[in-house]
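Letter by letter, the chains look like this.
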Amino acid sequence: MTDPTLPGALRTRERLELLEEGLLAPWAERSAASRGREAPERPARLRTEFQRDRDRILHCAAFRKLEYKTQVYVTHEGDFFRTRLTHTLEVAQIARTIGRALGLNNDLVEAIALAHDLGHTPFGHTGEAVLDELLADGFEHNAQSLRVVEVLEERFHDRPGLNLSWEVREGIAHHSKACSPAVRRYFNGGQPSLEAQVVDLADEIAYNHHDLDDALGMGLLTAELLGELDWLAAIWHEERERLPAGSTFSHVRNRFLGALMDRMVDDAVGEIARAIEEQAIDSPVAVRAAGGRLVRFSPPMDACQRQLRDFLMARVYRHPTTLRMQHKAAGFFRRLFELYRGHPELLPLVFQGRLERDGLERVLTDFLSGMTDRACLQQYRELFEPDA
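Residues numbered from 1 in each chain as written. Predicted model: local features only at pLDDT ≥ 70, side-chain atom pairs only at ≥ 80, totals over all residues. Heavy atoms only, no water.

Caption draft 1: Examining the overall build of the chain more closely. Helix and strand content of the chain: 19 helices and zero strands. In terms of overall dimensions, the chain is globule-like: its C-alpha atoms have a radius of gyration of 22 Å, near the 21 Å expected for 388 residues. Expressed as lengths along the three principal axes of its C-alpha atoms, the size of the chain is roughly 65 × 65 × 40 Å. Here the chain holds 388 residues, and 55% of them are scored as buried. Only carbon and sulfur atoms are counted for the fraction: they give 54% of the accessible area of the chain, which is about 17,900 Å². (Helix = DSSP H or I, 4+ residues; strand = E, 2+ residues; numbered from the N terminus. Rg over C-alpha atoms; globule rule 2.2 N^0.38 Å. Buried < 20%, exposed > 50% of the residue type's maximum accessible area, 1.4 Å probe, protein only. Areas by Shrake-Rupley, 256 points an atom, 1.4 Å probe, with all protein chains shown as cover.)

The structure is reproduced here in structure tokens:
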């Protein structure tokens, strides 16, 4: 919709939409063709619909909290290890690289990537596992991420949530293979957009890449242990040979991780392009009607990724150092949950005010999953330590 109050040169959104039409691939989503928002809004003058979504996510409170939520290692273990925020930024960067190569709508890619983990608990997957165990209906972080953007964020005076476009909300819903009633309305029997599929694969690439990096940095992994996977060791030795004599372990590690990332991303782009060509994908409608997901690794790389996940599980996630952190986190997160479930009068007043409307378990889920690691630790000290 053109804004008649602006001279042509200042109709930025309209020009951006025309650029999308000319620059994006036929299978990419277009901002102007969005299914819209639950509450209609006047289009922005300077941004497309997906750019506006990205900015709302970037400025919301839940996004800022990701800085103090664990990825694998709790935040006080060191300043250089990934947090949920740095993971999110890495996913966005990888997804944009893939999206750019395939002619996708990178504003939509970025919006989905920035929002995909907003509902994650403190203490990484440990916190998620505890809530999944203790809640009658279980816990899905993609469903909680949807709840964050649709209900919990407070941006408008007359409605809850961020009022994001349907395409961004669909991408959040499809981030996990689980399908609770909360996310089922975004599953219509077809495939999600290519932009959503790319974010999902970028999440896997980021996990494997940065968990290797952090484990090497902590000393949980060594160059010798990488030899358990021949293809991984081959990349390490190849990059070490490219460096001059006397190069440090850190130099080799950085070159190795960069080469590994390049191989994973290059493989994904090539395989996705082949799938698009083989299935004659020529529109977003064709993407959704495809018989399966188009975004994937080649069979050889997919096998390598499965080996890498198994290797990380055995050598990193089940390492005594990691397990000790997870055990401690699970213990006091579970104890907090049980205390608040038995004594809801201890909840902050704003959450007590939601009990009648939402029920105790829903309120506990929103309260505890929305906490950062350090806020959770502080709550624990105040509630259980006598001198706090």
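The rest of the description comes next.
Caption draft 2: Molecular detail of the pattern of salt bridges. Throughout the structure, instances matching the rule amount to 38 salt bridges. A salt bridge links R159 to E41; its shortest N-O distance comes to 3.3 Å. Here the residue R159 occupies a position in the loop between α7 (141–152) and α8 (166–173), and E41 occupies one in the loop between α1 (12–23) and α2 (49–58), the gap between them amounting to 118 residues. Residues joined by salt bridges that share partners form a network here, namely R47, R54, D55, R96, D107 and E110. (Salt bridge = Lys/Arg side-chain N within 4 Å of Asp/Glu carboxyl O.)

Caption draft 3: Structural view of the nonpolar core. One finds I57, L118, L212, L232 and F256 to be the most contacted residues of the largest nonpolar core, which totals 86 residues. The dominant element in this core, judged by the number of residues it contributes, is helix α12 (residues 249–278), at 13 residues. When neighbours within four sequence positions are excluded, L212 is seen to be in contact with L221, L226, L232, F256, L257, L260, L308, F311 and L312. Of all hydrophobic cores here, the second largest spans 23 residues; its members include F332, F367, L368 and M371. (Core = buried A, V, L, I, M, F, W, Y, C linked by side-chain atoms within 4.5 Å. Contact = heavy atoms within 4.5 Å.)

Caption draft 4: Looking closely at unusual backbone geometry. Positive phi, close to 55 degrees, is recorded for N163, a residue that is not glycine. Position of N163 among the secondary structure elements: in the loop between α7 and α8. Taking relative accessible area as the criterion, N163 reaches 8% and is therefore assigned buried. Here the phi dihedral of A280 falls at roughly 50 degrees; this positive angle occurs in a residue that is not glycine. Its location among the elements puts A280 in the loop between α12 and α13 (284–289).

Caption draft 5: How the structure looks around the packing of α7 against α8. As a packed pair, α7 and α8 sit with axes 8 Å apart at the nearest point and diverge in direction by 155 degrees. Here α7 lies roughly antiparallel to α8, going by the angle between them. In this structure, α7 uses N142, S145, L146, V149 and E150 to contact α8, whose residues at the interface are R169, I172 and A173. Looking at the contact of α7 with α8 residue by residue, the classes come out as four nonpolar, two polar and two charged. (Axes fitted to C-alpha atoms, helices over the stretch in contact; angles between N-to-C directions. Parallel < 35°, antiparallel > 145°, perpendicular 65-115°, else oblique. Nonpolar A, V, L, I, M, F, W, Y, C, P; charged D, E, K, R; others polar.)

Caption draft 6: Structural view of α1. With twelve residues, α1 ought to run about 16 Å at 1.5 Å a step, and its terminal C-alpha atoms sit 16 Å apart, in line with that. Looking at the packing, one finds that the buried side of α1 touches α5 (106–115). (Expected span 1.5 Å × (residues − 1).)

Caption draft 7: Highlighting the packing of aromatic side chains. Under the definition given, this model contains nine aromatic pairs. A centroid spacing of 5.5 Å and a plane angle of 45 degrees characterise the contact between W236 and F249, whose relative ring orientation is tilted. Pair noted here: W236 is in helix α11 (residues 230–242) and F249 is in helix α12, with a separation of 13 residues, a long-range link. Ring-pair connections join several aromatic residues into one group, and the members of that group are F123, F332, F333, Y380 and F384. When the ring centre of F156 is taken as reference, the NZ or CZ atom of R159 above it lies at 3.9 Å. Taking NZ or CZ as reference, R354 lies 4.8 Å from the ring centre of F351, over its face. (Phe/Tyr/Trp six-rings, centres within 6.5 Å; stacked < 30°, edge-to-face > 60°. Lys NZ or Arg CZ within 6 Å of the ring centre and 35° of its normal.)

Caption draft 8: Quick look at the packing of helix α4 (residues 84–102) against α5. At their nearest, the axes of α4 and α5 sit 9 Å apart, and the two run at 155 degrees to each other. By the angle between their axes, α4 is roughly antiparallel relative to α5. α4 and α5 meet at a crossing whose hand is right-handed. Taking contact as the criterion, the partners of T88, L89, V91, A92, A95, R96, G99 and R100 in α4 are, on α5, N106, V109, E110, A113 and L114. Looking at the contact of α4 with α5, its residues break down into seven nonpolar, three polar and three charged. (Left-handed = near helix turned anticlockwise from the far one by under 90°.)

Caption draft 9: Region of the structure containing the confidence of the model for the chain. In the predicted model, the chain carries a mean pLDDT of 91, and 93% of its residues have values of at least 70. pLDDT under 50 marks residues 73–80. Its contacts with residues more than four places away, or in other chains, come to 21 contacts. (pLDDT = per-residue confidence, 0-100.)

Caption draft 10: Here's a closer look at the environment of E67. When you line up the elements, E67 lands in the loop between α3 (61–65) and α4. E67 gets classed as partly exposed once you look at its relative accessible area, which sits at 38%.

Caption draft 11: Seen up close, the side chain of D55. Checked against the element boundaries, D55 lands in helix α2. Engagement of the side chain of D55 in a polar contact is seen with the side chain of R54, the distance being 3.0 Å. (Polar contact = N/O pair within 3.5 Å; in protein donor to acceptor, adjacent residues only side chain to side chain.)

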